[in-house]
Amino acid sequence: MAATGDADETQLQEMEEEAVMENEMDSDEEEGLGIENSDDETDNSSEDEKENEAEIQRLEEQLSINAFDYNCHVDLIKLLRQEGELPRLRKARQKMSELFPLTEEIWLDWLKDEIHLTEEEPNREKVYELFETAMKDYICPEIWVEYAQYSIGGMGLPGGIEKVRSIFERALTAVGLHMTKGATVWEAYREFENAILATVQPPPGSVPTREQQELLNAQLERIHTLFRRQLSIPLMDMDGTYAEYEEWSDQGVSDTVSQKYKGALQEMEKSKPYEETLMIAEPPKLAEYQTYIDYEQKEGDPARIQIIFERALSENCLVPDMWAKYTKYLDRQLKIKDLVLSSHDRAVRNCPWTMGLWKNYLLALERHGADHHTISDVFERALNAGFIQATDYVNIWEAYLDYLRRRVDFSKGESTLTLESSRELEELRAAFTRSLDYMKQDVEERFSESGDPSCTIMQVWAKIEALHCKNMQKARELWDSIMTKGNAKFANMWLEYYNLERSYGDALHCRKALHRAVQCTSDYPEHVCEVLLTFERVEGSLEDWDAAVQKTETRLNRVNEQRAKVTEKEAHVARQVEEKTEQRRRAKADKKNQKKGQKGSRPGEKRKAEDKDYEDEWGEESEQPPKRHRREGDQGFRGGCGGAEEFMGTESGLFGRRAPPGRRQEPPGTKRGQQVAPATVWKTQEDDPELRKDDCSVFISNLAFTMEDPEKRLKQLFEPCGPVQSVRPVYAAKGFRGYCYVQFEGKASVVEALKMDRQEVEGRPMFVSPCVDKNKNPDFKVFKYNTNLEKHKIFISGLPFSCTKEQLEELCKVHGTIKDIRLVTNRSGKPKGLAYVEFGDEAQASQAVLKLDGTVLQEHTLSVAISNPPRRNTADKPGFSRPMGAMMPRSMVYGSRGKGRTQLSLLPRSLHRQTGSESKAENGTAPKPTGGASGDAGIKAQTKPLSNSDFAKMLFKK
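Residues numbered from 1 in each chain as written. Predicted model: local features only at pLDDT ≥ 70, side-chain atom pairs only at ≥ 80, totals over all residues. Heavy atoms only, no water.

It is not clear to me how the overall build of the protein chain should be interpreted in this structure. Could you clarify?
Per the secondary structure count, the protein chain includes 36 helices and 13 strands. Scored against the burial criterion, the 958 residues of the protein chain give a buried share of 39%. Considering only contacts in the protein chain between residues 6 or more positions apart, those separated by 24 or more positions represent 62%. Total accessible area on the protein chain is roughly 55100 Å²; 50% of this is exposed by carbon and sulfur atoms. (Helix = DSSP H or I, 4+ residues; strand = E, 2+ residues; numbered from the N terminus. Buried < 20%, exposed > 50% of the residue type's maximum accessible area, 1.4 Å probe, protein only. Contact = heavy atoms within 4.5 Å. Areas by Shrake-Rupley, 256 points an atom, 1.4 Å probe, with all protein chains shown as cover.)

Have a look at this one:
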C-alpha cells in the first residue's frame, strides 16, 4: 500500500490540472482550425453558411409560432452548435430546458461546451448551477460522474475537497444502487480518495508526526469504508471489487465484510436474470422493466425500488402510466417531500398532456403544505398543457376547486367567517365563475363540446352554497342555469335538485321542483310522478294531493299518446320496408323466370311428355343457383352458417330441392343428357343434417372461385388446427361458390381455426368465422371490430399502398408499446391505405396522434386520429336487404332500354294478346294492355289449358 502511495504521489496535481490542460488544448485547436478555415475559405463554405443561417431563422420563426415543437428545438440546437453561435446556442438550450426535460445526450453536450468555455474561476459556479439543473431531469450516472470530475478541478479552492466529497456522496445516494452503472461512481470516488491518500503519506524513510499519522489513518479509514459500503450492495462484477479490496488491504478482509459481501452477492444473483433480460431486450423495454419493478416491490427495499423506477423512466420518459405508478409509490410509501414533489414536477414536464399527473401533482403540493401561490402556478401551467379531451379540463378544474374549498374554514358558518376566510371564500366563488367561463369559451371552441354536459361543477357550487353558506337563493339560481342547458328532460337531474331542496330548502320549493319535473321529464316520467305523489302523501294537504293526481294523470296520458304515435310510426315504417322487400323479391323472381324461359325453350327441339311434366313440377328452379342469403355485413356469407341455410345450398343438391325419384343429380356445368364418368359425379355433402355439429365447425368464405379441388385444399390447410372430420364446399351451376364449411372432431380445433382468419390463400384474404345457426341465434354477430370510441387505438389514413406492417410498426413503436397492427384491405386482399394501431394504453395512443398526424411517409401525408369507427347503419344489420329493386320501375326490370329484340320471347306469337293500339318503343313495339272485349278474350285464351300437341302446332306454325 505504501508503494502504491509513492507511485501515485503526483496523481492529485494531474487531476487538478486536467481541466485546464483540456481547455488550453481545445482553445489551441480552435485557433488552428480558425486559421485553417480562414486560409481555405471558399465560396461553397459561404453558401453553406447562408443556407444554415436561413434554416436557423426558419426554425426560430417556427418556434415563435409553436414553442412546444420538440424536434424543432433539437434541430435548432444542432445547427447552432455546428455554426458555433455560442450565445444563441446557450439561449436556445435554455428555452428548451424550460419547456422540456432534456435527454442525457443533450445535457452532456451542453455541459461539455460550458466547461470548455469556462476559463475563470468565478464562472465555475454557473457550471455548478447547470449541473444541478441537469440532475432534476433524469437520474443519469454519466452526468453524476461528469459533475464529480469537474468539481475535482476546483478542490484547490477553500472547501474544495469537502465539496467534491459531498457531490460524490450525493451521486452514491442517487445512482450508487444502479446494478450495472453504479460501480462507475464508486470507483471514481475511491480513485479520488486514493489521490488524497498519496498527498498525506509521509516521504519514504521519514517518521510521521502524530498529526500526520492521524490524517493518514483517517484517510485509510475512508477508503476502507468505501470498499465495505460498495461490497454490501448488489452490483454487477462484485467479485472484481472484492479481489481489489483483498489486494489493497494490508489487514485482509474481515469476516463481517465477507458475510455482507456474500449476502449482496446472493441478492445480485437473484436480480441477474432481470438484468440480463434488460440487456438483450429492445427499447423501450417497458414490459421487462415492469416485471423487474414488480420483483423489487415484492422484495420491499425502498431504495432499490426507487432506482429501478428511475432506470425505467429514463428509457420510457413519455409513458404516463409509469410516472403515475412511480409518483403513487412515492406518495404512499416514502412520503419524502423533496423527492415526492420533484418527481411530480418531472412527471408533468415529461407528459404534460396527461391530466391525471397534473391532478396528482396538485394533491401532492397540498398534502406537503405548499404555499397557495405555488399551487396556483402549477394549476395555470396545467391549463396551458394542451389536454386532448374536454373532460380533462373539467377534471383539473374540479381538483383545483376542491383545493380552494378546503382552504375555507366553514366550521362557524359564513356570517362568522374571519377576514382571511372571507377572502378565501370570495376567491373560491371567483374561481367557480372563471371555470364556467373557461369551459364555455376556451373548451367549447376547441372541442365543440363543453365536456361537462351534466354541469357537475355548477352542482358542486350549488351544494357548497346550500350546505356551507346557507345561501339557497344562489343555489336555486345555479340549478335554474343547469336546467336551461338541456338537462330539464332528465329525471335524475330534477331528483338531484329535489334532494337539495329537501335537505336545505323548504316544502314549497320542493313541490315547485317536482311539478316542473313532471312537466319537463321525458326519460322516466312515471318515476317522477311517483316521487311527487309520495311527497304529497307526507307533506301535502288534500288540495295539494288532488292537484298532484290531476297533473300526473294528465302528463302520463300525454306520454302514452306520444308513445303510441311513435309505435305506430315505427310499425308503418316496418311495413313499408317489408313491402319494398317483397316487391324486390317478386321482381327478382320474374327476372329469373324470364331467364329460365330463354334457356329452356329453343326452336326445333322436341321434348318427351314425361320430361315436360317433370319440368312443370321441378323446372322452375332447375336453372337457378342457390338463393344467396345476406349475412353479417354481406361479406361473402361471412357471418356464420345455419342448418336451414346450409341445407339450401348443400344438403338438397345443386338446386335447393330434393330431386324426384329416379333422377340423378349432375355435377355443375354438365349438359343435360351428357355422360358423366363415375369419378366426376357431383356428390352432396353430408346428406344427414344430424351428423353436423355447429360447435365443432367453422364457416370459410371469400375464397377464389377458381380454386381447384377445394375439399382437398382446405383439408390440408386446416389439418394443423386439429383432426378434420369433413369439408363441405358449396357449389353453384357454374362451379365452386367460394365458401364452405369445415367440421372438426373436437371443439378445441375451432379456436385454432379462428386464428387463421384473414390468412391469405391464393392471393385473397380467407375469412374464418364461427358456424352459428342464425335461426336459433338471430342476434349473433360475427363482426369482431368495435364500433365505439377506442382511446387506446389510433386510425391512420393516407398510407401508401406499398406500406407493410413492419414499416408501420417501425414508425409507431417510438411512441409506445404496440399491441396490434391491422392494415385494412378489400375482399381481394389489396390494401386500402388505412390502418388501425393498438397501443398499450390511452396516453401512448394520444401521444402518437400528436406526433404522427401530418407525418409524410413515402410522399404520402398521414392523417392520424383516435379510433372512433362509425356506427353500422340499418342496411348493414343481419337480415336486412335494401329494397332498391322494389323501387325500380317495372319497365327497368329488363334493362335501361326495355325489353329489346335480342331477348327472345318464349311465348308463341299466336298467344300474344292483340291490342287496339301500340306504343312505339325504341327497339320495337311494346304491347300495352287495354280494356274491352279483346282484352278479356285474350285473358281467357291465356288461362285456357293447352295440350302438348297444341304447343307443338303453335311452335312450328308458319
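It is not clear to me how helix α7 (residues 124-135) should be interpreted in this structure. Could you clarify?
An α-helical segment advances 3.6 residues per turn. Residues three or four places apart therefore align on the same side. Helix length check: α7, at 12 residues, gives a terminal C-alpha distance of 17 Å against a target of 16 Å (1.5 Å per residue), a fit within 8%. Among all positions in α7, only R124, V127, Y128, L130, F131, A134 and M135 are buried. One side of α7 carries all its buried residues, which in axial view fall inside an arc of 160°. Turned more than 90 degrees away from the buried face of α7, the exposed residues are K126 and E129. At its buried positions, α7 is contacted by α6 (104-117), α8 (141-152) and α9 (160-175). (Expected span 1.5 Å × (residues − 1). Arc of directions from axis to C-beta.)

How should the pattern of salt bridges be read in this particular structure?
Once the charged atoms of two side chains with opposite charge are near each other, the side chains can pair. The final tally for this structure, using the stated rule, is 42 salt bridges. One salt bridge connects R311 with E275, and the closest N-O pair in it is separated by 2.7 Å. Separated by 36 residues along the polypeptide, R311 in helix α15 (residues 302-315) and E275 in helix α13 (residues 255-280) bring together distant segments of the chain. Measuring nitrogen to oxygen at the nearest pair gives 3.6 Å for the salt bridge that ties E424 to R407. Remark: R407 occurs in helix α20 (residues 390-407) and E424 occurs in helix α21 (residues 419-447); sequence separation between them is 17 residues. Its relative accessible area of 10% is what places E424 among the buried residues. (Salt bridge = Lys/Arg side-chain N within 4 Å of Asp/Glu carboxyl O.)

What am I meant to see in the state of the cysteines here?
Here is the idea: a disulfide is a covalent bond, and it sits between the sulfur atoms of two cysteines. In the structure shown here, the tally under the stated rule is 0 disulfides. Of all cysteine sulfurs in the structure, the one in C351 sits closest to C317, which takes part in no disulfide; the separation is 7.3 Å. (Disulfide = S-S within 2.5 Å.)

What should I look at first to understand the sheet that holds strand β11 (residues 863-867) in this one?
Picture the strands of a sheet paired through backbone hydrogen bonds; they go either parallel or antiparallel. Here 4 strands make up an open sheet; going across it, the order is β7-β8-β6-β11 and the pairing antiparallel. The open sheet has two edge strands with one neighbour each: β7 (818-825) and β11. Averaged over all pairs of adjacent strands, the angle between their axes in this sheet comes to 25°, without regard to strand direction. Sheet topology note: the β7/strand β8 (residues 831-839) ladder contains 7 bridges and is antiparallel. When the sheet's bridge partners are listed, I818 is paired in β8 with F839. Strands β6 (790-797), β7 and β8 of the sheet are contacted by helix α32 (residues 805-812), whose axis makes an angle of about 135° with β7. Packed on one face of the sheet, helix α33 (residues 842-852) meets β6, β8 and β11 and runs near 25° to β6. (Pairing = 2+ DSSP bridges. Axes fitted to C-alpha atoms, helices over the stretch in contact; angles between N-to-C directions.)

Explain the nonpolar core to me, please; I cannot follow it from the model alone.
Side chains of nonpolar character tend, in soluble globular proteins, to be buried together. If you look at the biggest cluster of nonpolar residues, it comprises 162 residues, and the most contacted ones within it are I143, I396 and W397. In contact with I396, other than residues within four places in its own chain, are M355, W358, K359, L362, F379, A382, L383 and F387. (Core = buried A, V, L, I, M, F, W, Y, C linked by side-chain atoms within 4.5 Å.)

Teacher, can you tell me more about the side chain of D841 here?
Turning to its location among the elements, D841 is positioned in the loop between β8 and α33. In this structure D841 is buried but unpaired, with K325 as the nearest side chain of opposite charge at 7.8 Å. A distance of 2.9 Å separates the side chain of D841 from the backbone nitrogen of Q844, its partner in a polar contact. Setting aside residues no more than four positions away along its own chain, D841 makes contact with D321 and H792. (Lys, Arg positive; Asp, Glu negative; His and termini not counted. Polar contact = N/O pair within 3.5 Å; in protein donor to acceptor, adjacent residues only side chain to side chain.)

Is there a simple way to explain unusual backbone geometry in this structure?
With glycine set apart, most residues show a phi of negative sign, and most peptide bonds adopt trans. In this structure, the amide linkage connecting P283 to the following residue, P284, adopts the cis form with an omega of 10°. On the secondary structure map, P284 appears in the loop between α13 and α14 (286-299). Positive phi, normally seen in glycine, also occurs at R758, with a value near 70°. In this fold, R758 is placed in the loop between α31 (748-754) and β4 (759-761).

Please clarify how the sheet that holds strand β3 (residues 735-744) should be interpreted in this entry.
Strands sit in the order β2-β3-β1-β5-β4 across an open sheet of 5 strands; the sheet is antiparallel. In the strand order of this sheet, the two ends are held by β2 (724-732) and β4, each with one partner. Taken over all neighbouring pairs, the strand axes of this sheet differ in orientation by 30° on average, direction set aside. Pairing geometry for β4 and strand β5 (residues 764-770), over 3 bridges, is antiparallel. Of the residues in β5, the one forming a bridge with E760 is P765. Of the strands in this sheet, β1 (697-701), β2, β3, β4 and β5 are in contact with helix α30 (residues 710-718), which crosses β2 at around 140°.

Please clarify how the packing of aromatic side chains should be interpreted in this entry.
To describe a pair of aromatic rings, one takes the distance between the centres and the angle between the planes. The tally for this structure, following the rule as stated, stands at 32 aromatic pairs. Ring centres of Y128 and Y147 lie 6.2 Å apart, and the angle between their planes is 55°; on these two criteria the pair is classed as tilted. Within this pair, whereas Y128 is found in helix α7, its partner Y147 is found in helix α8, the two being separated by 19 residues in sequence. Of the two residues, Y128 and Y147, neither departs from the other in class, the shared state being buried. With 6.1 Å between their ring centres and 35° between their planes, Y400 and Y403 make a pair best called tilted. Pair noted here: Y400 and Y403 are both in helix α20, with a separation of 3 residues, about one helical turn. With respect to class, Y400 is no different from Y403; both count as buried. Its end group placed over the ring of Y150, R124 keeps NZ or CZ at 4.1 Å from the ring centre. The ring of Y128 carries the charged tip of K163 above its face, separated from the ring centre by 4.4 Å. (Phe/Tyr/Trp six-rings, centres within 6.5 Å; stacked < 30°, edge-to-face > 60°. Lys NZ or Arg CZ within 6 Å of the ring centre and 35° of its normal.)

Honestly, helix α18 (residues 355-367) in this entry has me stumped. Any pointers?
The terminal C-alpha atoms of α18 lie 18 Å apart, and with 13 residues this matches the ideal 18 Å at 1.5 Å per residue to within 8%. Where α18 is buried, its residues meet α16 (320-334), α17 (337-350), α19 (372-383) and α20. Positioned one or two residues after α18, G369 has a phi angle of 75°, which is positive.

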